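So the chains spell out like this:
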Amino acid sequence: MGKALEGIRILDMTHVQSGPTATQILAWFGADCIKVERPGAGDATRGQLRDLEDVDSLYFTMLNHNKRSITLNPKTETGNKIFAKLIEECDVMVENFAPGAIDRMGFPWEKIQEINPRMIYASVKGFGPGPYEDCKVYENVAQCTGGSASTTGEIGRVPLVTGAQIGDSGTGIHLVAGILAALLHRERSGRGQRVECAMQDSVLNLCRVKLRDQQRIVHGPLTEYPQYPNGTFGEAVPRAGNASGGGQPGWIVKCKGWEDDPDSYIYVITQAAAFHAFAKAIGREDWLDDPEWNTPAARLPKLDQVFAEIEKWTMTKTKFEVMDILNPLNVPCGPILSMKELAEEPSLRATGTIVEVDHPTRGKYLTVGNPIKLSDSPSEVVASPLLGEHTEEILKDIIGFGDEEIEKARTEGAI
Ligand SMILES: CC(C)(COP(=O)(O)OP(=O)(O)OC[C@H]1O[C@@H](n2cnc3c(N)ncnc32)[C@H](O)[C@@H]1OP(=O)(O)O)[C@@H](O)C(=O)NCCC(=O)NCCS
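Residues numbered from 1 in each chain as written. Predicted model: local features only at pLDDT ≥ 70, side-chain atom pairs only at ≥ 80, totals over all residues.

Some points on the sheet that holds strand 2 (residues 32-37)
Overall, parallel pairing links the 6 strands, which are arranged 3-2-1-4-5-6 in an open sheet. The open sheet has two free edges, formed respectively by strand 3 (67-71) and strand 6 (194-198), since each of these has just one partner strand. Strand-to-strand twist in this sheet, taken as the mean axis angle between neighbours without regard to direction, amounts to 20°. Here helix 8 (residues 199-206) sits on the sheet and contacts strand 5 (120-125) and strand 6; the angle it forms with strand 6, its principal contact strand, is near 65°. (Pairing = 2+ DSSP bridges. Helix = DSSP H or I, 4+ residues; strand = E, 2+ residues; numbered from the N terminus. Axes fitted to C-alpha atoms, helices over the stretch in contact; angles between N-to-C directions. Contact = placed C-beta atoms within 7 Å.)

What follows is the structure, encoded as C-alpha cells:
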C-alpha cells in the first residue's frame, strides 16, 4: 500500500495558513514537501501565538506536518542557484506571498517554465486580477470580501466572521484540487501549468447558496428566512441568524443546562418527511390534525412559534439525549459541540481525524489529522520540522552539495 502522492516533490514556498494548508494535504498523501524558509527567521507563524517559550507554536506545527524544512534565501547569489536547482527537481511549486514577491526573487513564471516545463506553479492571492489584485489579504478580509460576512450574523446586527477558516484553509483546499488536476493533465500533455486561487473567489464559492438567494430575492421575499413574513427585505441577501439556508427549516434551540453551559444547544431541522414523528416526540400531536400547523406551507409564516415549542421540549433534555431521541425518528439534528468535546471524542480519535503527535521540543499535542480518507493509502501524521532541520540532507541529496559548499553557502547567508 503506497502513499497516493509518493514520488511527487513539492517546492513549498508557503507561509502563514492558506498555502501551508494546501501543502500539508499533499504531504499527508505522501508527497515529499520541501518547505523553504528564510534563514534565521522561518515562517512567521513559528513564533506567533506561542503557548510555550522557545517552542514552535501550535499555529505552525498544526499546519506543517509531514514536511521537510530547508532554510534558503533565494535573493543571495548561491541561494538563487540552489532555488533554481530545486525548481528543476520538483514537480509542484506552491506559494502564497504578497503579489509579485516570487517575481522579485528573480523567478517569474516564464523563468520557472524555462527551468522546468513540467513544473506546476500554484499560488494563493487575496484577489484575482482587478482593482484589488495587489492587496495583501488575511482570513477575515477574505471572509468580508467574499460574501461570507455580509450573510452571517444576527438579523439587523453587525456582519460576523465565522470561526471556520474558510478564507485560508478553504482556499488551500481549492488549491489542492487545482494542483491535482494539473498533475493529472501533465500526465497527458507532458507540461506543467499555473494554478491560481484567489481567497475572495474561494470564499464566494463556499457562499454559492447566497448568490442563489441574491437572484431569488428580485422575485419576492426569501420565505425560508426569519424575516418572512413580518420583516423587510432590502436589495441584497440579508443575514439570517441560524436559519438553515436550505429548503428545510432549521434553528438552534436551547437544551438542559444552557444557563451554565454556553454550548448546551442543538441544531434541529424540521424536515417535512419527519415532522409527524417530531411533533409526537415533543408532545404536539395536536398539530397533526390542525390545518394551521400540519403542512409546511401553514407552518412557514410561524416558524418562530414552531421552534419555540420545540425548545420547550429540548430544554428538558441534554443535547445528547435530544440527539438520541430524534435521530431514530429521522429528524436531522446536531449538538453544538465545543472544541473540548471534539478533542475528547473517541470516534474522532479512532478515525485519525483527531491525532496525538509527538514533537521533539514540544512533546505531545493534539492536531486535526487528514480529513480525507483513502482506502488504500492511509495518511499518518508526522511532526512538523524544526527550522532548517533538513537543510543539509536536501542540499546533499537533491542539490548535490558537499560539506565545503554547504559551509560556504552558510557563510554567505544563503542558507
Ligand atoms: C499573508 C500576507 C498578507 C503576509 O504579508 P507579509 O508578512 O508582509 O509578507 P509578504 O508576502 O509580503 O513577503 C515578505 C517578504 O519576505 C520575502 N521572503 C519570503 N521568503 C523568503 C526567503 N526564504 N528568503 C528571503 N526572503 C524571503 C519575500 O520575498 C517578501 O519580500 P519583498 O516584499 O521584499 O519582495 C501576504 O503574504 C499575502 O497577502 N499573501 C497572499 C494571500 C494569502 O495567502 N493570505 C493568507 C495568509 S494565511
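Looking at helix 16 (residues 391-399)
All of the buried residues along helix 16 are T391, I394 and L395. Each buried residue of helix 16 sits inside an arc of 100° when the element is viewed along its axis, so together they form one side. Turned more than 90 degrees away from the buried face of helix 16 sit E393 and D397, all of them exposed. Tucked inside the fold, the buried residues of helix 16 contact strand 2, strand 3 and helix 17 (403-411). (Buried ≥ 20, exposed ≤ 12 C-beta atoms within 10 Å, placed from the backbone. Arc of directions from axis to C-beta.)

A few points about unusual backbone geometry
The residue after Y228, namely P229, is reached through a cis peptide bond having omega 0°. Within the fold, P229 resides in the loop between helix 9 (208-216) and strand 7 (250-254). Positive phi values are uncommon outside glycine, yet V16 reaches one of about 55°. Phi angles above zero are rare outside glycine, and L49 is one such case at about 55°. You can see L49 is positioned in the loop between strand 2 and helix 2 (58-61). Residue L49 is classed as exposed on the basis of its C-beta count, with 9 C-beta atoms lying within 10 Å.

Thoughts on the site of the ligand
Around the ligand, a shell composed of 24 residues is seen, among which V16, N96, F97, A98 and K136 lie nearest. Elements supplying a minimum of two residues to the shell around the ligand: helix 1 (18-28), strand 2, helix 4 (101-104) and strand 5. Residues that form the shell around the ligand fall into these classes: 11 nonpolar, 6 polar and 7 charged. (Near = placed C-beta within 6 Å. Nonpolar A, V, L, I, M, F, W, Y, C, P; charged D, E, K, R; others polar.)

As for the environment of N140
Here N140 shows up in helix 6 (residues 139-145). In the structure, N140 is positioned 34 residues away from H174 in sequence and 17 Å away in space, judged by C-alpha atoms.

Things to note about the pairing of strand 10 (residues 354-359)
It is a general feature of regular strands that their side chains alternate between the two faces of the sheet. Sheet topology note: the strand 10/strand 11 (residues 363-368) ladder contains 6 bridges and is antiparallel. Bridging from a neighbouring strand, H359 pairs with G363 of strand 11. Between strand 10 and the antiparallel strand that follows it, strand 11, lie 3 residues.

Some points on the domain arrangement of the chain
Here the chain is described as being made up of domain 1 (9-206 + 345-411) and domain 2 (249-331). Placing the centre of domain 1 and that of domain 2 at their C-alpha centroids yields a distance of 44 Å. (Domains from an automatic or database assignment.)

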